[in-house]
Amino acid sequence: EVQLVESGGHLVQPGRSLRLSCAASGFTFISHAMSWVRQAPGKGLEWVSSISGSGTRTYTSDSVKGRFTISRDNSKNTVYLQMNTLRADDTAVYYCAGGNGDVFDYWGQGILVTVSS
Amino acid sequence: IVMTQSPATLSVSPGERATLSCRASRSVSNNLAWYQQKPGQAPRLLIYGASTRVTGIPVRFSGSGAGIEFTLTVDSLQSEDFAVYFCHQYENWPPTFGQGTKVEIK
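Residues numbered from 1 in each chain as written. Chains lettered and ligands numbered in written order. Predicted model: local features only at pLDDT ≥ 70, side-chain atom pairs only at ≥ 80, totals over all residues. Heavy atoms only, no water.

Remarks on the interface of chain B and chain A
Logical step 1: The interface of chain B with chain A comprises 16 residues on the first partner and 15 residues on the second.
Logical step 2: Both faces combined, the contact of chain B with chain A buries some 1300 Å², and carbon together with sulfur accounts for 74% of it.
Logical step 3: When residues of chain B are sorted by the area they lose upon contact with chain A, Pro43(B), Trp93(B) and Phe97(B) head the list and together hold 38% of the total.
Logical step 4: Applying the counting rule to chain B against chain A returns zero salt bridges.
Logical step 5: Taken together, the connections running from chain B to chain A amount to four residue pairs in polar contact (both at pLDDT 80 or more). (Contact = heavy atoms within 4.5 Å. Buried area = accessible area lost by both parts, 1.4 Å probe. Salt bridge = Lys/Arg side-chain N within 4 Å of Asp/Glu carboxyl O. Polar contact = N/O pair within 3.5 Å; in protein donor to acceptor, adjacent residues only side chain to side chain.)

Set out below in structure tokens:
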């Protein structure tokens, strides 16, 4: 059974940093690109960042470029999202998602990040 | 690429058909997926390649279209189908989603 379990989300003050983790199981992790997709309260889905299976290629949305960094550790079947200089509009549920191609086949349960003073 | 879904809300009686639309600001070929999201849950992939159902998704869900116009049809709506549906294009980077269509009980 495929499982993606996010952790690391909590209340943080504007300007601070946070690192999200996503532990994967039930599939061949290294064969899958992994992504982070977020959803602000009551809003739609917004793609944030993606990383190739090998970790050599990363892509990041313009809205977080220069502040967020995606990485992965294939020895631990884990993908990370380092979030720096957080802003109030980064408040959202962050989903870890994975897929064999460009669609998001698998999703974690999501983790809430709240940026507020 | 901007994805526009319509309508924003669709009121349907159980057992009836729901037809959801998704339009792309430019062609995405058939690189279009549909997801279902229920309250408090993560999205679930239903359809990819515009019309290919994911294994395990009921046959009452069908997708069609290519280029810029796409449709998700849900035949004979069941109680568990009332949810929000998102389209997603993966033709070009960055991948983008529509704003969602909420299918509610009439």
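Topic: the side chain of Thr78(A)
Residues and elements named next belong to chain A.
Logical step 1: In this structure, Thr-78 sits in strand β8 (residues 78-83).
Logical step 2: A polar atom in the side chain of Thr-78 sits 2.8 Å from the backbone oxygen of Lys-76.
Logical step 3: When near neighbours in sequence (up to four residues on either side) are disregarded, Thr-78 contacts Ser-21, Cys-22, Ala-23, Phe-29, Arg-72 and Asp-73. (Helix = DSSP H or I, 4+ residues; strand = E, 2+ residues; numbered from the N terminus.)

Focus on the packing of aromatic side chains
Logical step 1: Tallied over the full model, the rule gives eleven aromatic pairs over all chains.
Logical step 2: For the ring pair Phe27(A) and Tyr106(A), a centre distance of 5.0 Å and an interplane angle of 40 degrees mean the geometry is tilted. In this pair, Phe27(A) is assigned in the loop between β3 (18-25) and β4 (33-39) and Tyr106(A) in strand β10 (residues 106-107), connecting sequence segments 79 residues apart.
Logical step 3: Centre to centre, the rings of Trp107(A) and Tyr35(B) are 5.6 Å apart; their planes meet at 80 degrees, and the pair counts as edge-to-face. Taken together, the positions of Trp107(A) in strand β10 and Tyr35(B) in strand β4 (residues 32-37) put the pair across two chains. Exposure class is identical for Trp107(A) and Tyr35(B). Each is buried. (Phe/Tyr/Trp six-rings, centres within 6.5 Å; stacked < 30°, edge-to-face > 60°. Buried < 20%, exposed > 50% of the residue type's maximum accessible area, 1.4 Å probe, protein only.)

Details of the state of the cysteines
Logical step 1: Enumeration over the complete set of coordinates arrives at two disulfides over all chains.
Logical step 2: Here Cys22(A) is linked by a disulfide to Cys96(A), with a sulfur-sulfur distance of 2.1 Å. Between Cys22(A) and Cys96(A) the sulfur-sulfur dihedral comes to about -75 degrees; the bridge is accordingly left-handed. A residue pair is termed long-range when its members are at least 10 positions apart, and Cys22(A) in strand β3 and Cys96(A) in strand β9 (residues 92-99) qualify at 74 residues.
Logical step 3: One disulfide bridge connects Cys22(B) with Cys87(B), the sulfur atoms lying 2.1 Å from each other. As the torsion about the S-S bond is roughly 75 degrees, the Cys22(B)-Cys87(B) disulfide counts as right-handed. Of this pair, Cys22(B) sits in strand β3 (residues 18-24) while Cys87(B) sits in strand β9 (residues 84-89); the two residues are 65 residues apart in sequence, bridging distant segments of the chain. (Disulfide = S-S within 2.5 Å.)

Describing the pattern of salt bridges
Logical step 1: Applying the stated rule across the entire model yields nine salt bridges over all chains.
Logical step 2: With its nearest N and O atoms 2.7 Å apart, the salt bridge here joins Asp90(A) to Arg67(A). In this pair, Asp90(A) is assigned in the loop between β8 and β9 and Arg67(A) in the loop between β6 (58-60) and β7 (68-73), connecting sequence segments 23 residues apart.
Logical step 3: By relative accessible area, which is 9% here, Arg67(A) ends up buried.
Logical step 4: The partner of Arg60(B) in a salt bridge is Asp81(B), and the shortest N-O contact between them spans 2.7 Å. With Arg60(B) in the loop between β6 (52-53) and β7 (61-66) and Asp81(B) in the loop between β8 (69-74) and β9, this residue pair connects regions lying 21 residues apart in the sequence.
Logical step 5: A relative accessible area of 1% means that Asp81(B) is categorised as buried.
Logical step 6: Salt bridges sharing common partners tie together Arg38(A), Glu46(A), Arg67(A) and Asp90(A).

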